[in-house]
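An overview of the molecular structure
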Amino acid sequence: VAVTLTVQPGVPATLGTDTRNVSFTANQGSGALTQQLHALNTGGGSLSFTATAGDGAWLSVSPASGTATPASAASLTVTATPGSLAPGTYSGGITIAGAGSMIAIPVTMSVSAPAAVILVSQTALSFTAVAQGGVLPQNFGILNTGQGSMSWTATATALSGGNWLQISPSSGTVQRPYLDVSLVTVSIDPSTLAAGTYYGRIQVSAPAANTPQVDRKSTRLNSSHLGI
């Protein structure tokens, strides 16, 4: 019995990936973002590869090396960290090398300014005082229920009766959302006012989605009391 055995050349390992580009969208100061990609072996045998990230400390890939077979792809984690990067679009890349070839995968990250949201603790204030009496203060708070730090400005306007309405401070910054509160002192000076009703307004503005916010003041004076 004649037996013939023919041995064909082995199919070489061939490097491939399941992704040709990676993109991230983040807010300034937000935490790290991750995406998965896979190194493939579209040939035969076992393929050893290395993975590196370039063009910026904000980009990394892990693990730095691995092995892929035709039946089992190797998973890689791409991490983008916005950190303190200014708003804008950043470009980088992941390079995977193995089996005598190299694949470059472009990575982009779009960083947006954090969206602040103003929350004013009160939408109206009222005062009662002796007509032509002394200065009376009250406070209200300014919070940020959005993201990032929020700088604000405030203006006070007396709609009648002269310059009896004052605020302090007229500007500030809420550094930490939900945690920090900017207190504004609202003072009325009825010393020059006759009996009657007076109205004022305080407008708070900031680079926020719901700016401006308005506090309304109403004042009533009679022979013995002043209300605002």
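These remarks concern the structure in this document. (Residues numbered from 1 in each chain as written. Predicted model: local features only at pLDDT ≥ 70, side-chain atom pairs only at ≥ 80, totals over all residues. Heavy atoms only, no water.)

Residues Leu165 and Ile167 line the buried face of strand 15 (residues 165–168), whereas the alternating positions Gln166 and Ser168 sit on a face that is not buried. Across four bridges, strand 15 lies against strand 17 (residues 182–188) in antiparallel orientation. Within the sheet, the bridge partner assigned to isoleucine 167 lies in strand 17 and is valine 186. (Buried < 20%, exposed > 50% of the residue type's maximum accessible area, 1.4 Å probe, protein only. Helix = DSSP H or I, 4+ residues; strand = E, 2+ residues; numbered from the N terminus. Pairing = 2+ DSSP bridges.)

Another aspect to go through is the side chain of threonine 79. Counting through the fold element by element, threonine 79 comes out in strand 7 (residues 74–80). Here threonine 79 falls in the buried class, since its relative accessible area comes to 17%. Those residues in contact with threonine 79, other than ones at most four positions away along the chain, are Ala32, Leu33, Thr34, Trp58, Leu59 and Ser60. (Contact = heavy atoms within 4.5 Å.)

The full count for this structure, using the stated rule, is one salt bridge. Close ionic contact of aspartate 180 with arginine 176 constitutes a salt bridge, the shortest N to O distance being 2.8 Å. A relative accessible area of 19% means that aspartate 180 is categorised as buried. Overall, the relative accessible area of 45% leaves arginine 176 in the partly exposed class. (Salt bridge = Lys/Arg side-chain N within 4 Å of Asp/Glu carboxyl O.)

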